[in-house]
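Structural overview for review
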Amino acid sequence: MSRIFWCLFFTAWPILGIVVSVISPQMNWGFPDNRESATPLGERIDDLFYLILCIVTIAFIGTMVVLAYVLWKASKNEDEKGWFSHGSHNLEVIWTIVPAGILLFIALYQMDVWAIYRVRDYDLKQQNSPRLNNLVAEVIARQFEWRIRYPAPGTVFKSKKQIDDWLAKPQAGDLYTVNHLHVPLNKETLIYLKSGDVQHSFFVPEMRVKQDAIPGQNIDIWFTVNRAGDFDLTCAELCGWGHYKMRGRVTAIEDFSGFLQKLKAEQDFDGISKSAGEIAATGQTQEVTR
Ligand SMILES: [Cu+2]
């Protein structure tokens, strides 16, 4: 094969790759259900991904242009031999310092988002902090399901110690569900994540929320959902033979306290009085029919 063939061959693939990348959003060639973030913080996380995508695209195009130039230059003379280099100190310094500088820039630039994502419990330690009552639920990941515990409707936490006490053991009046977490819409939400056995990972792709559940730890997760609806919850840590079936749902609803009241009516239903639906509809206490 002539050198010009290899020059065209190795130049065509990067060009094809770039063309496919540019047209794929319009052609809907992305991942299925690759939808926009349902949380404002998720949008900022997406922006970080796009920033990194821009940086690697520039680096990719730059290196491919150099490669194409070298191939094209060498293809003009079939008899010219290659030049072997044992390294260039200056070049090595440059390609160490430039990526290091880019990594340092990304590390500093993302700190804000990371702080909002991970470090929001600092003022829970203050008495009567408004954030104390952002607590919505405790989620226990276990082989192979998500166990959800909500505080009794109307519970008010006045200190971090009260939260810790609530987390330490189940309380009378707590409400329970399995694999389906409800959260309030447009409100800063705090959930605590625990593991009942091995390591799991609480992952809600559309909310851009992902957090490992680690045995022995209560891990706080903060988010604000600003789109009503159902979102897939999945386990993102291989946790055993039934890992694949650790699927759940997160639902963001406007009337969160109404949901808790309905859940309480269902849970308190003794099986012989009015149906849970009727009680929830009327808001009455139960009457036992004999
Ligand atoms: Cu798992």
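Residues numbered from 1 in each chain as written. Predicted model: local features only at pLDDT ≥ 70, side-chain atom pairs only at ≥ 80, totals over all residues.

All right, on to the overall build of the protein chain then. Each helix and strand in the protein chain was counted, giving seven helices and 10 strands. Computed over C-alpha atoms, the radius of gyration of the protein chain comes to 27 Å, more than 25% over the 19 Å expected from 2.2 N^0.38 for 290 residues, which places it beyond the range of a compact globule. If one aligns the C-alpha atoms of the protein chain with their principal axes, the spans along those axes are about 105 × 40 × 35 Å. Going through the 290 residues of the protein chain one by one, you find that 18% of them count as buried. Long-range pairs, those at least 24 residues apart, make up 68% of the contacts in the protein chain between residues at least 6 apart in sequence. (Helix = DSSP H or I, 4+ residues; strand = E, 2+ residues; numbered from the N terminus. Rg over C-alpha atoms; globule rule 2.2 N^0.38 Å. Buried ≥ 20, exposed ≤ 12 C-beta atoms within 10 Å, placed from the backbone. Contact = placed C-beta atoms within 7 Å.)

Taken in spatial order, the five strands of this open sheet run E3-E2-E1-E5-E8, and their pairing is mixed. Each edge of the open sheet carries a strand with a single partner, namely strand E3 (175-178) and strand E8 (219-224). For this sheet, the mean inter-axis angle between neighbouring strands, taken without regard to orientation, is 25°. Alignment of strand E1 (residues 135-142) against strand E2 (residues 145-150), held across five bridges, turns out to be antiparallel. Directly across from Ala141, in E2, lies its bridge partner Trp146. (Pairing = 2+ DSSP bridges. Axes fitted to C-alpha atoms, helices over the stretch in contact; angles between N-to-C directions.)

Mapped onto the secondary structure, Val93 falls in helix H3 (residues 89-109). For Val93, a count of 10 C-beta atoms within 10 Å translates into the label exposed. C-alpha of Val93 to C-alpha of Ala265: the two residues are 172 residues apart in sequence and 69 Å apart in space.

Counting residues in each nonpolar core, the largest one holds 34 residues, and the members touching the most others are Val139, Ile191 and Leu193. Tallying contributions element by element places E1 first for this core, with five residues. Setting aside residues no more than four positions away along its own chain, Ile191 makes contact with Val136, Ala137, Glu138, Val139 and Ile221. (Core = buried A, V, L, I, M, F, W, Y, C linked by C-beta atoms within 7 Å.)

With that settled, the discussion passes to the confidence of the model for the protein chain. Summary statistics for the protein chain give a mean pLDDT of 87 and a share of 92% for residues scoring 70 or more. Confidence drops under a pLDDT of 50 for residues 286-290, and excluding neighbours within four residues, the segment shows 10 contacts in the predicted structure. (pLDDT = per-residue confidence, 0-100.)

It is worth spelling out the sheet that holds strand E7 (residues 209-213) at this point. Strand order across the open sheet formed by five strands is E4-E10-E9-E6-E7, with mixed pairing between neighbours. Edge positions in the open sheet fall to strand E4 (180-184) and E7, since each of these has one partner strand only. Taken over all neighbouring pairs, the strand axes of this sheet differ in orientation by 20° on average, direction set aside. Direction of pairing for strand E6 (residues 200-204) relative to E7: antiparallel, over a ladder of five bridges.

Turning to the domain arrangement of the protein chain, a few remarks are in order. As assigned here, the protein chain comprises domain 1 (3-76 + 90-117) and domain 2 (127-269). Each partner contributes residues to the interface: domain 1 has eight residues there, and domain 2 has nine residues. (Domains from an automatic or database assignment.)

Positionally, Phe144 belongs in the loop between E1 and E2. Remark: the alpha-carbon pair of Phe144 and His200, spanning 56 residues in sequence, is separated by 9.5 Å.

With that out of the way, let us pick up unusual backbone geometry. In this chain, Gln143 is followed by Phe144 through a cis amide linkage whose omega measures 0°. The backbone of Asn28 shows a phi angle near 60°, a positive value even though the residue is not glycine. Asn28 sits in the exposed class, given 8 other C-beta atoms within 10 Å.

This paragraph deals with the packing of helix H1 (residues 3-27) against helix H2 (residues 40-75). Close contact between H1 and H2 brings their axes to 8 Å; oriented N to C, the two are set at 170°. Here H1 is positioned roughly antiparallel relative to H2, judged by the angle of their axes. Relative to H2, H1 is oriented so that their crossing is left-handed. Across from Arg3, Ile4, Trp6, Cys7, Phe10, Thr11 and Pro14 in H1, the residues of H2 making contact are Met64, Leu67, Ala68, Leu71, Trp72, Ala74 and Ser75. When grouped by side-chain class, the residues that make up the contact of H1 with H2 number 11 nonpolar, two polar and one charged. (Parallel < 35°, antiparallel > 145°, perpendicular 65-115°, else oblique. Left-handed = near helix turned anticlockwise from the far one by under 90°. Nonpolar A, V, L, I, M, F, W, Y, C, P; charged D, E, K, R; others polar.)

In this section: the pairing of E6. Here E6 shows a clear split, with His200, Phe202 and Val204 buried on one side and none of Ser201 and Phe203 buried on the other. Connecting E6 to the antiparallel partner E7 that follows it, the hairpin turn spans four residues, and Arg208 within it adopts a positive phi of roughly 60°. As paired elements, E6 and strand E9 (residues 229-235) share two bridges and run antiparallel to each other. Counted as the bridge partner of Phe203 is Thr234 from E9.

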